[in-house]
Amino acid sequence: KEDQLNGEAAYMIARSYADMQNYKQSIPFFQKAITLDPAKIYWIYELALIYYAIHEDKNALKLMLEAGEKGFKRDNEYLENLGVAYLNVGDLDKGVEILGEILKKKPSDLNILNMIAEAYYYKGRFQQAIDYWDQILVYDKANASALYMIGMSYQKKGEKGKGELLCDKAIQMDPS
């Protein structure tokens, strides 16, 4: 209250609310902090993550892009969040493209491979989903979940018999 132009104070209030998982209450304080000190790029990114956490995907994507344009480091964490944000707003191609940047550096990242496979699956692009789940099996031959989803994809493609056999094999591998 004593220094209404102190961006750090507004940021600390925002962080306190966020740390208590009161995300919606943190938003106006993040916004005020960013308005008072727009050079703090990390604050913009943090606000993007807050929107991401409450499933306001368009705002999350907008702020992630803004942070990136202002020089936020494009490390794997940023790229993963950005890629998922694109997927969440329905932009499959851009999301997969960005997640693919991570795979160039970490081709055996099972989490990223699975995210891409799931994205293709839910958009009805079953062969691409199969291709990514196959890559998971290259690195982890005992991954029953990937094998099961390959079977589901074949069934969705109309190859019911082949898909059912793969699903049954996956269930035998891991009945849970």
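Further up the page is the structure itself.
What counts as what
Sequence order as written defines the numbering, with residues in each chain counted from 1. Two thresholds apply to this predicted model, a pLDDT of at least 70 for residue-level local features and 80 or more for giving and counting side-chain atom pairs, whereas whole-chain, interface and lining totals are computed over all residues. Based on all heavy atoms of the structure, the side-chain values leave hydrogens and waters out of the count. Take the buried residues of types Ala, Val, Leu, Ile, Met, Phe, Trp, Tyr and Cys, join any two whose side-chain atoms come within 4.5 Å, and each joined set is a nonpolar core. Buried means the residue's accessible area, taken with a 1.4 Å probe over protein chains only, is under 20% of the maximum for its type, while exposed means over 50%, and partly exposed covers the values in between. Numbered from the N terminus, helices here are DSSP runs of H or I no shorter than four residues, and strands are runs of E no shorter than two. Given the number of residues in a helix, its expected span is that number minus one, multiplied by 1.5 Å. It only takes one pair of heavy atoms within 4.5 Å for two residues to be counted as in contact. Each aromatic pair joins two rings of Phe, Tyr and Trp (for Trp, the six-membered one) with centres within 6.5 Å, and gets the label stacked for planes under 30 degrees apart, edge-to-face for over 60, and tilted for any other angle.

**So, the nonpolar core**
One broad trend across soluble globular proteins is that nonpolar side chains are buried collectively. Among the nonpolar cores identified, the biggest contains 58 residues, and L47, M64, I116 and W133 are the most heavily contacted of them. Here the element with the most residues in this core is helix α7 (residues 110-122); it accounts for eight residues.

**Remarks on unusual backbone geometry**
Across residues other than glycine, the phi torsion is negative in most instances, and most of the peptide bonds are trans. At Q21, a residue that is not glycine, the phi angle is positive and equals roughly 60°. Here Q21 shows up in the loop between α1 (7-19) and α2 (23-36). With relative accessibility at 59%, the residue Q21 sits in the exposed group. With a phi close to 60°, H55 is a non-glycine residue in the positive phi region. Looking at where H55 falls in the secondary structure, it is placed in the loop between α3 (41-53) and α4 (57-69).

**Here's the deal with α3**
End to end, α3 covers 19 Å across 13 residues, agreeing with the expected 18 Å (1.5 Å per residue, within 8%). The set of residues buried in α3 consists of W43, I44, Y45, E46, L47, A48, I50 and Y51. Along its buried surface, α3 packs onto α1, α2, α4 and α5 (76-88). One or two positions beyond α3, positive phi appears at H55, with a value near 60°.

**Thoughts on the packing of aromatic side chains**
Considering all chains together, one arrives at 12 aromatic pairs under this definition. With centroids separated by 6.1 Å and ring planes inclined at 50°, the aromatic side chains of Y42 and Y45 adopt a geometry described as tilted. Taken together, the residues span about one helical turn, with Y42 and Y45 both in helix α3 at a distance of three residues. Residues Y121 and Y122 carry aromatic rings whose centres are separated by 5.2 Å and whose planes lie at 85° to one another, so their mutual orientation is edge-to-face. An aromatic cluster of at least three residues, connected via ring pairs, comprises Y42, Y45, F72 and Y78.

These figures capture arrangement, not role.
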